Structures are given as structure tokens and as C-alpha cells.
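Coordinate analysis (summary)
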Amino acid sequence: MRWGEIVNLTWDKVDLKGGFIRLKGEDTKSGKGRLIPLDLFRGLREIFKELHKVRALHKPHVFLHGSQAILTIKGAFKVACKGARIRNFRFHDLRHTAITNMRRAGIDTLTIMQISGHKTMVCFTRYNSFRETDLIAAAEKADTYLTLAHGKVAEQVREGARKEAASA
């Protein structure tokens, strides 16, 4: 999610039972509504359930500072990064990381684009980074597939030869 979608998130958009954040077109940069699965990251739904117990009756916003809706996260994020001794990192980098991690987990591109709200492949590819290990994993997957496919074809040829020999 984009930071604006996060700070403006209200409980009426959180479907704890169904397990989704349901954004409407007016809630998104693209103007198109979308669903974000709460179970995309382990424990996220439980965190939202706990927050809901404490906050839902008092304020419509999910994320509060004290009892007030959060207007920006830049200052708090900067302080958190400084405290963790992290340099040259922006909140938006978390979005890049999430998109890359979804791809590495094997989630197909169109599903990731639906979750992230990207309309075009050009925009999506800016968020998706590759390392040598990604290319090695791709080569291993291709090798496994071809080895299994070759084994099936070879077995079919052997079976055909056995049937032909048996009928002769």
C-alpha cells in the first residue's frame, strides 16, 4: 500500500472476517479500487484484530498517534531509521521491497499488480528488482521442469516401445 492509503485507512475498509483491506477508487492513486489480502504477511490479520479491539469503537482511522489520525509519517519514519542506524532509506522503499518479495515468493505478476495498484507493466517493472540469485533460481526452475518433462516423454516412448514389442 502507498503511505497515503495507509494513513487514511479507516475501519470500514478493513474486512477482518474476509481477510481483506477493501480500497475504493477514491482511496487510491489510480482511482481504481482494489483488494489487499491481510494474510499476505504472516500475523497481519491478528495485528489488525488486536488494533480493532482497542480502537474501532472510538475513532474511524486504523492508525492513530495518541487519539488523533496520522497526517504524515515522514518524521516518525526518519526518527525510526536514525534509531536503527539505517541510511538512505525512504518509506516508499518498503513498497519496492514488498513487490520484489511477492515476485520472489512465486506470486504471478498480474496478481502482484492487482495488490499493488499498478496499471501498467512499465510502472510495475520499476518496483521489481533482480539479483543474481533470482536468475540462478529461474535457471534451476527451468532445469527441474525440463528434467521432469523429459522424463515423462522418455517414459511415454519406452511404454510405446513395450506395447509395440508385446503386440509383435
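Further up the page is the structure itself.
Anyway, here's the lowdown on the structure attached to this text.

Counted by the stated rule, this structure contains nine salt bridges. Note that Glu5 is salt-bridged to Arg2, the shortest N-O span being 3.4 Å. A relative accessible area of 4% places Glu5 in the buried class. Here the salt bridges share partners, and the residues they tie into one network are Arg2, Glu5 and Arg34.

The next subject is the sheet that holds strand S2 (residues 20–23). Spatially, S1-S2-S3 is the arrangement adopted by the three strands of the open sheet, whose pairing is antiparallel. Either end of the sheet is taken by a strand with one partner, and the two such strands are strand S1 (14–15) and strand S3 (34–37). Sheet topology places S2 next to S3; four bridges connect them, and they run antiparallel. In the sheet register, Arg22 faces S3, and the bridge partner there is Leu35.

Our focus in this paragraph is the side chain of Thr10. Examined against the element boundaries, Thr10 turns out to sit in the loop between helix H1 (3–7) and S1. Here Thr10 falls in the buried class, since its relative accessible area comes to 11%. There is a polar contact of 2.3 Å between the side chain of Thr10 and the side chain of Asp12. The residues touching Thr10, leaving out its near neighbours within four places in the chain, are Pro60, His61 and Val62.

Conventions and cut-offs
- Residue numbers restart at each chain and count upward from 1, following the sequence in its written direction.
- Restriction of local features to residues with pLDDT of at least 70 applies here, the model being predicted, together with a cutoff of 80 or more for giving and counting side-chain atom pairs; totals for whole chains, interfaces and linings are based on all residues.
- As a convention, hydrogens and water are excluded, and side-chain values are obtained from all of the structure's heavy atoms.
- Salt bridges are counted wherever a side-chain nitrogen of Lys or Arg sits within 4 Å of a carboxyl oxygen of Asp or Glu.
- We call a residue buried when its accessible area falls under 20% of the maximum for its residue type, exposed when it is over 50%, and partly exposed in between, using a 1.4 Å probe and counting protein chains only.
- Pairing between two strands requires that DSSP report at least two bridges joining them.
- Labels follow the DSSP assignment, with helices taken as runs of H or I lasting at least four residues and strands as runs of E lasting at least two, numbered in each case from the N terminus.
- Pairing of N or O atoms within 3.5 Å defines a polar contact, subject to two protein rules: one partner must be a possible hydrogen donor and the other a possible acceptor, and residues neighboring in sequence count only if both atoms are side-chain atoms.
- Contact definition: two residues touch when any of their heavy atoms are within 4.5 Å.

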